[in-house]
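# Examination of the molecular architecture
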Amino acid sequence: MIVRFTLNGRPREVETEPHRTLLDVLRDTLGQLEAKEGCAEGACGACTVLLDGRPASSCLTLVPLVEGRRVTTVRGLERDGRLHPLQESFVAHGAVQCGFCTPGVLLTALWYVEKNPGADREQIRQALGGNLCRCTGYTKIVDAIEAWSRRATAEAGP
Amino acid sequence: MSGAPDRPDLIGQRIPRHDARDKVTATIAYAADWAMPGMLHAVVVRSPYPSAQIRRLDAARASAMPGVVAILTAKDVPHNTLATDVPGQTTTVGPLRAHLHVLAEDRVRYQGEPVALVAAETLEQARAAAEAVEVDYEPLPGVFDTATALAPGAPRVHEAGNLLAEWRIARGDVAAALAGAAVVIDGEYETSFVDSGYIEPEAGVAWIDGDGVVTIRLATQVIEHYRDVAEVLGVPQNRVRVIGTYVGGGFGGKEDVTVEVYLGLLAWKTRRPVKMVWTRQESLLSRAKRHPYRLRYRTGASRSGEIVAQQVEIVGDSGAYAYLSALVLLYSTVTAAGPYRVPNVAVHARVAYTNNPPTSAMRGFGAMQVVFGYESQMDRVGAALGLDPVHVREVNALRRGDTLPVGQVIETHVALPVLARRAWDSLGEPTPPRAPHVRVGRGLACNLQPYGRIVWLHDWSSAWVGFEMDGSLVVRCGAPDVGGGQASSLCQIAAGVLGVPLARVSVHISDSALTPLSGTTTASRQLYMSGNATLKAARELREQVLGVAASMLGVAAIELDLVEGEVRARDGRTLALKDVLAGCARASVPRSRLAVYHAPAGEPIGFMKVGGPDMAPHTPQTLAHGPAEPGRGSGKVFPDYTFGAHAAEVEVDTETGVVRILKYVAAHDVGRAINPTSVEGQIQGGVVQGLGYGLLEEVLLDEGVNQTTSFASYLIPAAGDVPDVQPIVCESGEGLGPYGARGIGEPPIGPPAAAIANAIAAATGARLARLPMTGERVLRALGALDGKDG
Ligand code: FES
Ligand code: FES
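Every chain is numbered independently, its residues counted from 1 as its sequence is written. By the order in which they are written, chains take letters starting at A while ligands take numbers starting at 1. Reporting of local features is limited, given that this is a predicted model, to residues whose pLDDT is at least 70; pairs of side-chain atoms are given and counted only at 80 or more, and all residues count toward the totals for whole chains, interfaces and linings. Side-chain figures throughout are based on the complete set of non-hydrogen atoms in the structure, without hydrogens or water.

### Concerning the overall build of chain B
Comment: elements are numbered from the N terminus, with helices defined as DSSP H or I runs of at least four residues and strands as E runs of at least two. For chain B, the helix and strand inventory stands at 18 helices and 31 strands. Over its C-alpha atoms, taken along the principal directions, chain B stretches across nearly 85 × 70 × 55 Å. For chain B, the residues scored as buried account for 64% of the 790 residues in total. Here, two residues are considered to be in contact whenever any of their heavy atoms come within 4.5 Å of each other. For chain B, contacts bridging at least 24 residues in sequence account for 81% of all contacts bridging at least 6. Accessible area of chain B: about 25600 Å², with a carbon and sulfur share of 51%. By the counting scheme adopted, Arg and Lys are positive, Glu and Asp are negative, and His together with the chain ends is not counted. Charged groups are reduced to one reference atom each: NZ for lysine, CZ for arginine, CG for aspartic acid, CD for glutamic acid. In chain B, the 72 positive side-chain charges and the 82 negative ones have mean positions that sit 2 Å from each other. For the exposure calls, accessible area comes from a 1.4 Å probe over protein chains only, and a residue counts as buried if that area is under 20% of its type's maximum, exposed if over 50%, partly exposed in between. Shrake-Rupley sampling with a 1.4 Å probe provides the accessible areas, and residues are treated as covered by the protein chains on show and by no other component.

### Focus: the interface of chain A and chain B
Each partner contributes to the interface: chain A provides 43 residues, whereas chain B provides 51 residues. What gets called buried area is simply the loss in accessible area from a 1.4 Å probe that two parts show on being joined, summed for both. Here chain A and chain B share an interface that buries about 3700 Å² over both sides, 56% of which is from carbon and sulfur atoms. Each reported salt bridge corresponds to a side-chain nitrogen of Lys or Arg within 4 Å of a carboxyl oxygen of Asp or Glu. Taken together, the connections running from chain A to chain B amount to 6 salt bridges. Residue K36(A) pairs with D33(B) through a salt bridge whose shortest N-O separation is 2.6 Å. Any pair of nitrogen or oxygen atoms within 3.5 Å is treated as a polar contact; in protein, a donor-acceptor pairing is required on top of that, and neighbouring residues in sequence qualify only through side-chain atoms on both sides. At the junction of chain A with chain B, the criterion picks out 28 residue pairs in polar contact (both at pLDDT 80 or more). Taken together, the elements giving at least two residues each to the side of chain A that touches chain B come down to α2 (85-93), α3 (102-115), α4 (121-127) and α5 (139-156) of chain A. It is α2(A) that contributes the most residues to the side of chain A that touches chain B, 4 residues altogether.

### Comments concerning helix α15 (residues 577-586) of chain B
Residue and element names in this part refer to chain B. All of the buried residues along α15 are L577, V580, L581, G583 and C584. In an axial view of α15, the angular spread of the buried residues amounts to 155°, which keeps them on one side of the axis. Of the exposed residues in α15, those oriented more than 90 degrees away from the buried face are K578 and R586. Those residues of α15 hidden inside the fold are in contact with β19 (460-467), α14 (526-553), β22 (560-563), β23 (566-569) and β24 (574-576). Positive phi appears at S588, one or two residues downstream of α15, with a value of about 55°. This arc describes the spread of directions from the helix axis toward the C-beta atoms.

### A short note on the pattern of salt bridges
Residue and element names in this part refer to chain B. Going through the model one piece at a time under the given rule, you end up with 54 salt bridges over all chains. When the shortest N-O distance is used, the salt bridge between R46 and E282 registers 3.0 Å. One end of the pair, R46, is in strand β1 (residues 40-46); the other, E282, is in helix α8 (residues 280-286), with 236 residues separating them in the sequence. Under the relative-accessibility criterion, R46 is labelled buried at 15%. A relative accessible area of 13% places E282 in the buried class. Between E411 and K636 there is a salt bridge, and its shortest N-O distance comes to 3.5 Å.

### A look at empty space enclosed by the protein
Residue and element names in this part refer to chain B. Of the two site types, the cavity is a set of points on a 1 Å grid over the protein atoms alone where a 1.4 Å probe fits but cannot get out, and the pocket is an open set with protein on both sides within 12 Å along at least five of seven lines, each lined by residues with an atom within 4 Å of a point. Grid points are joined across faces, edges and corners, and a volume is the space filled by probe spheres set on the points. Taken as a whole and judged by the stated rule, the model has 4 cavities of 30 Å³ or more. Estimates place the volume of the largest cavity at around 690 Å³. Looking at the lining of the largest cavity, the elements with two or more residues in it are α9 (325-335), α13 (486-498), α14 and α16 (676-695). Any residue that is not Ala, Val, Leu, Ile, Met, Phe, Trp, Tyr, Cys, Pro, Asp, Glu, Lys or Arg is counted as polar, Gly included; the first ten are nonpolar and the last four charged. The residue inventory of the lining of the largest cavity, partitioned by class, reads 19 nonpolar, 20 polar and 5 charged. Each pocket or cavity is described by its volume, and for the second largest cavity that value is around 220 Å³. L100, Y110, P114, Y262 and Y323 are, among the 20 residues lining the second largest cavity, the residues nearest its centre. Each residue belonging to the lining of the second largest cavity can be placed in one class, and the counts come to 14 nonpolar, 3 polar and 3 charged. Each domain's limits were defined by an automated method or a database of domain assignments. Composition of the lining of the second largest cavity by domain shows at least three residues from each of domain 2 (34-140 + 202-277) and domain 3 (164-195 + 288-454 + 604-781).

### Looking at the pairing of strand β14 (residues 274-277) of chain B
Residue and element names in this part refer to chain B. Strand pairing requires that DSSP identify at least two bridges connecting the strands. Note: β1 against β14, 2 bridges, orientation parallel. In the strand pairing of β14, L40 is matched with V274. When strand β11 (residues 203-208) meets β14, the two strands line up antiparallel, connected through 4 bridges. Across the sheet, G204 pairs through a bridge with M276, a residue of β14.

### Looking at the side chain of T73(A)
Residues and elements named next belong to chain A. Counting through the fold element by element, T73 comes out in the loop between β5 (70-72) and α2. Residue T73 is classed as buried on the basis of its relative accessible area of 1%. Here the side chain of T73 touches E34 through a polar contact of 2.6 Å, side chain to side chain.

### Some remarks on the pairing of strand β18 (residues 438-451) of chain B
Residue and element names in this part refer to chain B. Here β18 lies mainly inside the structure; 12 of its 14 residues are buried. Across 14 bridges, β18 lies against strand β27 (residues 640-653) in antiparallel orientation. Its bridge partner being in β27, V438 is matched across the sheet by D653.

### As for the sheet that holds strand β6 (residues 107-108) of chain B
Remark on secondary structure: sheet strands pair via backbone hydrogen bonds, oriented parallel or antiparallel. Residues and elements named next belong to chain B. The 3 strands lie next to each other as β6-β2-β8, forming an open sheet whose pairing is antiparallel. Strands with a single pairing partner mark the edges of an open sheet, and in this sheet they are β6 and β8 (134-139). Both strand β2 (residues 52-58) and β8 contribute to a ladder of 6 bridges, which runs antiparallel. Within β8, the position partnered with D58 by the bridge is E134.

### Section: the domain arrangement of chain A
Residue and element names in this part refer to chain A. In terms of domains, chain A is made up of domain 1 (2-76) and domain 2 (85-156). A straight line from the C-alpha centre of domain 1 to that of domain 2 covers 22 Å. Summed over both sides, the interface of domain 1 with domain 2 buries roughly 1100 Å², with 68% coming from carbon and sulfur. Linking domain 1 to domain 2 there are 0 salt bridges. Where domain 1 meets domain 2, there are 4 residue pairs in polar contact (both at pLDDT 80 or more). Looking at the side of domain 1 that touches domain 2, the elements that each hand over two or more residues are β3 (48-51) and β4 (54-57). Looking at the side of domain 1 that touches domain 2 residue by residue, the classes come out as 7 nonpolar, 6 polar and 4 charged.

### Some words on the domain arrangement of chain B
Note: interface size is frequently given as the accessible area lost on complex formation between the parts. Residues and elements named next belong to chain B. As far as domains go, chain B holds domain 1 (20-27 + 460-598), domain 2 (34-140 + 202-277) and domain 3 (164-195 + 288-454 + 604-781). With centres defined by C-alpha atoms, the gap from domain 1 to domain 3 works out at 38 Å. Taken residue by residue, the interface counts 15 residues in domain 1 and 19 residues in domain 3. Three residues stand out in domain 1 for area buried against domain 3, namely A523, S524 and Y528, and they jointly supply 41% of the buried area on that side. Counting across the domain 1 and domain 3 interface gives 0 salt bridges. Inspection of the region where domain 1 meets domain 3 yields 4 residue pairs in polar contact (both at pLDDT 80 or more). The set of elements that each furnish at least two residues to the side of domain 1 that touches domain 3 consists of α13 and α14. Examining the composition of the side of domain 1 that touches domain 3, we find that 6 residues originate from one element, α14, more than from any other.

And the structure:
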């Protein structure tokens, strides 16, 4: 079957079997390797993408379900070759160690903070519940997200 | 003719890692992201039984299935024996030997043991064929706990018997000291099987390169396993190359061989590129775990809180194969009495084979499990004598010049009292309980963890540092980067010495053919070892270059400095680095330097010989005996140790038993923090793994059958399960690494479980002695306090 969707702002069309997952299509058909496979069962969040702006485990999303929808991966965050401020914040705060969880964590954080601009650390932690990180212990991830959220809120101004 | 001493301007700076940008944009190609033209996909056929005889193995039907290119069984493996001890860059392996079969021959000893390999054009075809491989198993009786394994008449996991290794230490007169002690505390503790739980499963791709070299690109902590692949294939070691990727987490789980031998075999047999990626289920099923321990402590103390005697019994579960078990147990034996001066010590440690999954290296490597024992005991001694938790540790803390029970003299500063005080005080004001059924309490736990490898392994590392003609700098070093910032630290050290902006440094790592070998990224050794090798290479290169600049300017080298890409003389003259490098070429002085750093070496203590499969029966080993005289330094085992003290405040819900950590502070003397952000990250990440160990994680086995082969059932901490971890980085400058750094990769994982257990005891009076401390176990302990049958 043919499935059409928007990937990081560009229209894409793939010929696929209906039982394939979005993760497989992204990685194996489209060569979008930024979505990682950590468990293939919806438990680790490494494969997180944004589907119409909301986080989804691409390993559990059958590809026909994305017909006509917007898919965003971490590659969709840069603008004109410049890092998204949330990415900058991850670099500056040392929120990245092995980096395997990072694409998924960034996308979940982006969605959550844009929706909840004044979120506190505990709320950020709860929002990240589906994204496991084995390296950082999360403190610096929360530092990075909180700092970006504060700055973004301040810039938006009263 | 040396230049002015280099100014380590970059040391101690919070520098973003060189790879952070690539990781937030996901442009790093991890092992599973690699592909080759015409690549096959491979899977492992694994035993469903924990103990069985293979009566018949028939791959005929599977071989005929569509897309199948190769099916390999034991008889197809040129040398079906794999050595699994002491990997990496060591000149001396010593008498410790451990082996296993690459593919099972006629017997399987754990669930998940590899039996056959399948390679096919697609992954689906490979999986379908793997299902179709016919194996006729006859289940055999097995042993699934160490008590049964060590009992007379138990079914034997290996011919030579179930006792794999046994170490003893006997110092002073424990019986007399216990008899004379003011208090004697008895405690039994039990720790669980846990998994490394990295988010990146094991993966790699192999191919025969244009020059005929078997090339394997994979996620590994040890590129030196190319030698093991060569042994199995029966080819010279220089015909196999391992390219290590940036690793998506290791923690010891990618220290032993994972996919490389299977990939090497399949590429060799099929002459085509082959990819293998383990599923999460497969990883949780078959990868080596942390050894569960049963610990029995008897601790005697004087009225003023001095520990006068420590009697320790340790029994560990090695699972079905030896791997690194004998060494893990050695670490436990050496550190069993904790970071304390104890005059009378008896340790008896054994590790046994069972039909459980194999256990091997995992962050903390045996020095970790025993912390739960000795720090629970320390707390109980303090409580029995009415002493403050910090005080009782201050009284006993090791000091420079003290001798460990094994006979090793502590040669560097021990900051333990300061660490304990600062961690404890940093908890701040006590948190009031938020409801009547909630209790709040605080606990403290300290530890010591070796860094660097055992001295009789004669460890070494090498690094190459060189300038390009344009003045940009290249570092080459075999060290794998597992996410701890290993490569980044090397850049920082070289850039600092050579006065090059970090943006002008490139680092090439982890390639057994093209980067100088530097040994394993394990044992908290990489900053220590490869940091020293890089520092040495960079300093020697600096001398070379400044020597040339000195003759160009007609001054002594001591007058010169190398900063921001130029040579500056004291008289104010400068030379562009590019011109000096051209001068090097004219003067036939190389623009690069290769350096080797050798760790302090020593001879094995005791008569070390360990039994196991294909080996002589085991012999018990006494590591040290006799009085623990100060200065009696025959027993050097490790180059040095890192010390730490953690403090936790927890709340216990007495209705559900659920323990929540409110505050957590972790203090370590890291010697020198080369990059404080990376150091803090190691501390925070290690603590959270330790909290998972203490509260959540447990590989559940039912007669050797794994019940926790998914991340839905094997729970590792999520962000909401744990608090912020406040690191306290103390810098004594006393480590053996570059600029006095100590290893910090492993140490922070040790104390958390004990700190929580001590906090639960302070909150409720209940003493948890079994890990993990789940709500159910806490309730049971609270019920026992009330006299109810839990
Ligand atoms: S790979 Fe999709 S949630 Fe783990
Ligand atoms: S940085 Fe390694 S899993 Fe998060």
